[in-house]
Amino acid sequence: MYRNLLCSVAVLPLLAAPALAQPLSGSVGISVTQAPDYLGSDDYKSRTLPDVNLRYGEQLYLNLRDGLGWNIYHHQNWTLSPFVGYVPGRDNEGALSRFEKVDGGLTGGFRLQYKPGPWNLTLKAQAPVSGDMDGYQLTLRAGWQNQIAPGWSVGLSPSLTYSSKEWTQSLFRVSARDALKSGFQRYEPGDGYWRLGIGGNINYRFADNWSLTGLAAVTQLTGDAKDSPIVRDAGDDVQALAGMVLSYHF
């Protein structure tokens, strides 16, 4: 049911694009991050990835965190948009090398934002439309960004995420096959879980079109995700991230 509904939602931005005639703006760049190998891992991996943050007028947006979205409603401080995103799965290495791989895939959903000033509040609901993930996920995120000196700004972003029972099972179960091949205890999550997080950034605009951003974040897994042998025996319920982003603005 989720996939049929959200497949329809996912194509809305693509259908709307030809009818729009707005300027393209935003930034492109490159990011270098140090983050867990997978959600729940205590092994960290460095990743170098492109960083894209584009806006097509006031209607369309594209970035790695929020995906491709279409602002179908915008009034005063409120914005509502359907979007297509991506959720990573799990590439099994190290202690989980004998587990079945969990393929990531596209998601579809809705994003509601309230932005009265330097603070903004966003509620995002999404569900998978491809890959091995299932269920749904809800994220409530607050964001604050403020200039502290010429060329310098800082930001703070607390968040609270709920993943449904099916979403939790997709990433944190230990199936009978996985248990037999790996030696881990069989485990089947019986409920969803909450993830608490907080992130921060500092941005330096060192030229008219160039900026350098340092970022860091930490999240806490709870409930049936924290209790999974994948986390309890072979990982860590506290997840951290640090990185730098070099961006060109236009």
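The residue count restarts for each chain, going from 1 along the sequence in the order it is written. Note on the predicted model: pLDDT of at least 70 is required for a residue's local features to be given, and 80 or more for side-chain atom pairs to be given and counted; whole-chain, interface and lining totals, by contrast, use all residues. Side-chain metrics in this entry use all non-hydrogen atoms of the structure; hydrogen atoms and water are not considered.

1. Points about the overall build of the protein chain
Strands here are runs of E lasting at least two residues and helices are runs of H or I lasting at least four, both read from the DSSP assignment and numbered beginning at the N terminus. Per the secondary structure count, the protein chain includes six helices and 13 strands. Rg of the C-alpha trace for the protein chain: 19 Å, near the compact-globule value of 18 Å for 250 residues, within the 12% margin. Projected onto its principal axes, the C-alpha coordinates of the protein chain cover approximately 55 × 40 × 25 Å. Taking all 250 residues of the protein chain together, 41% fall into the buried category. The contact criterion used is simple: two residues touch if any of their non-hydrogen atoms lie within 4.5 Å. For the protein chain, contacts bridging at least 24 residues in sequence account for 57% of all contacts bridging at least 6. In the structure as shown, the protein chain presents an accessible area of about 13300 Å², 59% of it carried by carbon and sulfur atoms. For the protein chain, the separation between the mean place of its 21 positive charges and that of its 22 negative charges on side chains is 3 Å. Just to be clear, the radius of gyration here is over C-alpha atoms, and the globule rule we use is 2.2 Å times residues to the power 0.38. Each residue gets one of three labels from its accessible area relative to the maximum for its type: buried under 20%, exposed over 50%, partly exposed in between, using a 1.4 Å probe on protein chains only. All accessible-area figures derive from a Shrake-Rupley calculation using a 1.4 Å probe, and residue coverage is judged against the displayed protein chains alone. Only four residue types enter the charge count: Lys and Arg as positive, Asp and Glu as negative, with His and the chain ends excluded. All charge positions are set by atom: Lys at NZ, Arg at CZ, Asp at CG, Glu at CD.

2. Digging into the packing of aromatic side chains
Put simply, two rings from Phe, Tyr or Trp (the six-membered ring, in Trp's case) pair if the centres are within 6.5 Å, and we call them stacked under 30 degrees between planes, edge-to-face over 60, tilted for the rest. As enumerated under the stated definition, the model contains nine aromatic pairs in all. Between tyrosine 136 and tyrosine 162 the ring centres are 6.3 Å apart and the planes differ by 50°, which places this aromatic pair in the tilted class. With tyrosine 136 in the loop between β8 (119-128) and β9 (137-149) and tyrosine 162 in strand β10 (residues 152-163), this residue pair connects regions lying 26 residues apart in the sequence. Ring centres of tryptophan 152 and tyrosine 204 lie 4.4 Å apart, and the angle between their planes is 20°; this geometry places the pair in the stacked category. Taken together, the positions of tryptophan 152 in strand β10 and tyrosine 204 in strand β11 (residues 193-207) put the pair 52 residues apart, joining distant regions of the chain. By way of ring pairs, the aromatic residues Tyr136, Tyr162 and Trp194 are connected into one cluster. Between the NZ or CZ atom of arginine 111 and the centre of the ring of tyrosine 61, over which it lies, the distance is 5.3 Å. Any Lys NZ or Arg CZ that is within 6 Å of a ring centre and within 35 degrees of that ring's normal is treated as a charge sitting over the ring.

3. Here we look at the pattern of salt bridges
Any carboxyl oxygen of Asp or Glu within 4 Å of a side-chain nitrogen of Lys or Arg constitutes a salt bridge here. Evaluated as defined, the whole model comprises nine salt bridges. For glutamate 93, the salt bridge identified is with lysine 45, shortest N-O distance 3.5 Å. Here the residue glutamate 93 occupies a position in the loop between β6 (78-87) and β7 (105-114), and lysine 45 occupies one in strand β2 (residues 44-56), the gap between them amounting to 48 residues. Looking at lysine 45, the relative accessible area reads 30%, which means it is partly exposed. The partner of arginine 65 in a salt bridge is aspartate 66, and the shortest N-O contact between them spans 3.7 Å. On the accessibility criterion, aspartate 66 (9% relative accessible area) is buried.

4. Quick notes on the layout of surface pockets
Here a cavity denotes a set of grid points, spaced 1 Å apart and computed over the protein atoms alone, in which a 1.4 Å probe fits but from which it cannot get out, and a pocket denotes an open set meeting protein on both sides within 12 Å along at least five of seven lines; residues with an atom within 4 Å of a point are reported as lining. Grid points are joined across faces, edges and corners, and a volume is the space filled by probe spheres set on the points. In this structure, the second largest pocket encloses a volume near 180 Å³. In terms of lining, the second largest pocket is formed by 13 residues, of which the most central are Glu100, Val102, Gln169, Ser170 and Arg173. When residues of the lining of the second largest pocket are assigned to their parent elements, the largest contribution, four residues, is made by helix α3 (residues 165-172). A class-by-class count of the residues in the lining of the second largest pocket yields two nonpolar, three polar and eight charged. Each residue is assigned to one class: nonpolar for Ala, Val, Leu, Ile, Met, Phe, Trp, Tyr, Cys and Pro, charged for Asp, Glu, Lys and Arg, and polar for all the others, Gly among them.

5. Examining empty space enclosed by the protein
Scanning all chains against the criterion turns up one cavity of 30 Å³ or more. Around the largest cavity sit Arg65, Asp66, Arg111, Thr122, Lys124, Thr139 and Arg141, which together line it. Every element with two or more residues in the lining of the largest cavity is listed here: β8 and β9. Here the lining of the largest cavity is composed, by residue class, of no nonpolar, two polar and five charged.

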